[in-house]
Amino acid sequence: MKKILVANRGEIAVRILRTCREMGLGTVAVYSDADALAAHVLAADQAVHLGPADPLASYLDIDRIIHAARETGADGIHPGYGFLAENPRLAEACVDAGIVFIGPPAQVIRDLGDKTVARRLMQDAGVPVIPGMEAPSADLDLLGREAERLGYPVLLKAAGGGGGKGMRRVDGPADLAEAFAAASSEAGAAFGDDRVFLERCLVAPRHVEFQILGDSQGTVVHLFERECSVQRRHQKIIEETPSPGLTPSVRDAMGAAAVAAGKAAGYVNAGTVEFLLEEDGSFYFLEVNTRLQVEHPITEETTGLDLVRTQLEIAAGEPLGLSQEEIRPRGHAMECRIYAEDPAAGFLPAPGTIRAYRRPSGPGVRLDDGVYEGFEVPVEYDPILGKLIVHAPDREAARLRMIRALESYAVLGIETTIPFLRDVLASAPFAAGETRTDFVDRHFSEWSQDPSGRDLAIAVAEIERSRTQTDAEAPAAARPTPWQTLGPWRL
Amino acid sequence: MKQRPDHRVLPDGRILLEIDGRTTTAVTARDGSATWVFVDGRSWKIDDANQAPPRRARGGRDDLGDVTPPMPAAVVRILVEPGDAVVRGQGLVVISAMKMETTLVAPHPGVVAKIRVAIGEKVAPGDVLVDVTPDEPHETDPSEET
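Attention here is on the structure that accompanies the text. In this text, all values refer to a predicted model and were calculated from it rather than measured experimentally. Every chain is numbered on its own, with residues counted from 1 as its sequence reads. Chains and ligands are labelled by the order in which they are written, letters from A for the one and numbers from 1 for the other. Only residues with pLDDT of 70 or above have their local features reported here, since the model is predicted, and side-chain atom pairs are shown and tallied only from 80 upward, although totals for entire chains, interfaces and linings are computed over all residues. Hydrogens and water are ignored here; the side-chain numbers use all heavy atoms of the structure.

Observations regarding the interface of chain B and chain A
Consideration 1: The interface is formed by 47 residues belonging to chain B together with 56 residues belonging to chain A.
Consideration 2: When two parts are put together, the accessible area they lose, computed with a 1.4 Å probe and summed over both, is reported as buried area. Between chain B and chain A, the buried area comes to about 4,700 Å², and carbon and sulfur atoms account for 62% of it.
Consideration 3: Salt-bridge detection follows one rule: a side-chain nitrogen of Lys or Arg within 4 Å of a carboxyl oxygen of Asp or Glu. Taken together, chain B and chain A are joined by five salt bridges.
Consideration 4: Two residues, R465(A) and D48(B), come together in a salt bridge whose shortest N-O distance is 3.3 Å.
Consideration 5: Residue assignment for the side of chain B that touches chain A shows that the elements contributing at least two residues are β1 (6–9), β2 (15–19), β3 (22–31), β4 (34–39), β5 (42–47) and β9 (100–105) of chain B.
Consideration 6: Comment: elements are numbered from the N terminus, with helices defined as DSSP H or I runs of at least four residues and strands as E runs of at least two. Considering every element that reaches the side of chain B that touches chain A, the biggest residue donor is β3(B), with six residues.
Consideration 7: Residues are grouped as follows: nonpolar covers Ala, Val, Leu, Ile, Met, Phe, Trp, Tyr, Cys and Pro; charged covers Asp, Glu, Lys and Arg; every other residue, Gly included, is treated as polar. Tallied by class, the residues present in the side of chain B that touches chain A amount to 25 nonpolar, eight polar and 14 charged. For this analysis, residues touch if any pair of their heavy atoms sits within 4.5 Å.

Details of the nonpolar core
Residues and elements named next belong to chain A.
Consideration 1: Put simply, buried Ala, Val, Leu, Ile, Met, Phe, Trp, Tyr and Cys residues joined by side-chain atoms within 4.5 Å make one nonpolar core. For every residue, the accessible area (1.4 Å probe, protein chains only) is compared with the maximum for its type, and the residue is labelled buried under 20%, exposed over 50%, or partly exposed between those bounds. By size, the foremost hydrophobic cluster in this structure holds 97 residues, and its most contacted members are L5, I77, I238, I338, L388, L406 and L425.
Consideration 2: Dropping the residues within four chain positions of it, I338 is found in contact with P383, I384, L385, G386, L388, L406, Y409, T417, I418 and L421.
Consideration 3: A118, M254, A257 and V273 belong to the second largest nonpolar core, which has 25 residues in total.

Brief notes about the packing of helix α5 (residues 106–113) of chain A against helix α6 (residues 115–124) of chain A
All names here are of chain A.
Consideration 1: In the contact formed by α5 and α6, the axes pass within 5 Å of each other and the chain directions differ by 95 degrees. It follows from the interaxial angle that α5 and α6 lie roughly perpendicular. Residues D111, L112 and G113 of α5 form the contact with α6, whose own contacting residues are K115, V117, A118, L121 and M122.
Consideration 2: Looking at side-chain class alone, the contact of α5 with α6 contains five nonpolar, one polar and two charged residues. The axes are straight lines fitted to the C-alpha atoms, using for helices just the contacting stretch, and the angles between their N-to-C directions are given from 0 to 180°. Throughout, the term roughly parallel applies to angles under 35 degrees, roughly antiparallel to angles over 145, roughly perpendicular to angles from 65 to 115, and oblique to all others.

Details of the packing of aromatic side chains
Residues and elements named next belong to chain A.
Consideration 1: Pairs were defined over the aromatic rings of Phe, Tyr and Trp, the Trp ring being its six-membered one, requiring ring centres within 6.5 Å. Orientation was assigned from the angle between planes: stacked under 30 degrees, edge-to-face over 60, tilted for the rest. Enumeration over the complete set of coordinates arrives at 12 aromatic pairs over all chains.
Consideration 2: Grouping aromatic residues by their ring pairs yields a cluster made of F347, F420, F430, F439, F444 and W447.
Consideration 3: Criterion for a charge above a ring: Lys NZ or Arg CZ within 6 Å of the ring centre, and within 35 degrees of the ring normal. Positioned above the aromatic ring of F430 is the side chain of R395, whose terminal nitrogen or guanidinium carbon lies 4.7 Å from the ring centre.

Here's the deal with the packing of helix α1 (residues 10–22) of chain A against helix α11 (residues 307–315) of chain A
Residues and elements named next belong to chain A.
Consideration 1: Between α1 and α11, whose axes approach to 9 Å, the crossing angle comes to 65 degrees. For the pair α1 and α11, the sense of crossing is right-handed. Residue-level contacts link R15, I16, T19, C20 and E22 of α1 to L307, V308, R309 and L312 of α11.
Consideration 2: When the residues that make up the contact of α1 with α11 are grouped by side-chain class, the tally is five nonpolar, one polar and three charged. For any helix crossing, the convention is left-handed if the near helix is rotated counterclockwise from the far helix by under a right angle, and right-handed if that rotation is clockwise.

Some thoughts on the environment of A85(A)
Residues and elements named next belong to chain A.
Consideration 1: Here A85 is to be found in the loop between β4 (76–78) and α4 (88–97).
Consideration 2: Measuring from C-alpha to C-alpha, the distance between A85 and T416 comes to 26 Å, with 331 residues separating the pair along the chain.
Consideration 3: Every residue in contact with A85, bar those within four places of it in the chain, is listed here: P79, G80, F101, I109, T290 and R291.

If you want it as structure tokens, here you go:
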């Protein structure tokens, strides 16, 4: 391959383009009206306009994307995550157009992308699964009966994709109808597929996922786990590796199950097998994400691998060249997802213009961001600004490194989740590694900014105001003009 | 803090401060009638007018009792019809922004008088989406209050 088109936006597009550039590949970005000057557009050699800001008219438009690849001569398309990453029709359209799709084959995406088909595939391969429905349904009566069979609380989930979209917990029959309406609607908007199904809701498990890699020769390996239990509304906000909840024997068993899952599906390229882990070490298959995950950087930090590079190499037909025994992670890595949301106001999205922006830096500090100072964060897309990742020799060092990095990261002009993340990282339960999927509800259900720094901020604001006033609005008396100071004169 | 701390402006616009024998830097940015400040690892939005009040939580209602969105969004579902009696806190309209759905609720008990939007419409803070005629206090049945 000589030229890659990245069919995505924001931080992940920037990150993928960076590796392409390192590998000497030509790069093409695509953008909507809202992203004409976005960071990912600036990071590519060429950029093609797709259409209006509405994703359905731009980032989700397969025909326009294929057209953009043809127009620019791109011979590979990387879908990133979200948008079309798990849509088999993009993979198929690439094959039809003679373009390499950087990901698994369309049929694998289709099989694993339908969450109920995936469950069946795993059951057949002997991988334990969570009790749930075998097929999605839009029949409320059927859903109600299934919910009774599984036992409340149940989880309504989208059949068409993951990432927490289209997911609703239902505690009792009275809540089912509205939860169904909300979940289907959200799923339709996120994946173009509004089908939902039910699973039993495990009580406060850990969410532990394994990165897998498969090559076109049938080799499948795992790159160990990521613990992603700190979530809000089923969306991960903090991830780390290794998981504080795994013993070596559970790790081995889960890793083997992840590889078995990959082999059962005929997996090629990068993917993630997600599990829920209970206190006693029993684990259940949740789903396979047939794409690069948001949190892939923490695996890169501990293994030293560039997963996007590996994806490109696999897509080019190269064998993995890595055996399971050779994969030995080092140290501890953590990631915080940085969202344009107001944590003091129910995490309402906070679009707007970034008026000042200072990045954290230092050894073991990595920032995968998609914004810059002056950029107007659009309302139409997922509000992720970027990810802050740290790597350190052990968990406590990583935790302290992350706190320092969050405290050095200045984003002004919009509210962000940075102060909330900092307080989570500094909390006793997080320090103790007591991370379960109910972490935020249990320990941070009502958060507000610690007010103790406010007085200093007010003093600084006053300094800033009087400084700019002096420059801009000085009354005439304060800066006399020569006409006022010139005394009597004559020619 | 009664006294302005010693300070100077750095070449890149940051403000260098000295407080109680320690130095720290602050980043600032103007935003309409407010100043954003990043200092000691935290960011703040300080309004010019009175500098004092902490941010109010936004929840789709304001003190006037209007049903208005807290941020630019699109209407995805309408949960009531004109003539419906509603209680305070009852969901009226579901809006979506950045792929996230928020339900706007009735600010007071009453009757839905008029629905001013349609599904798919883009709305912004200040737009009134639903008119709810409030019940007179003595007309409300105490047993129905939530």
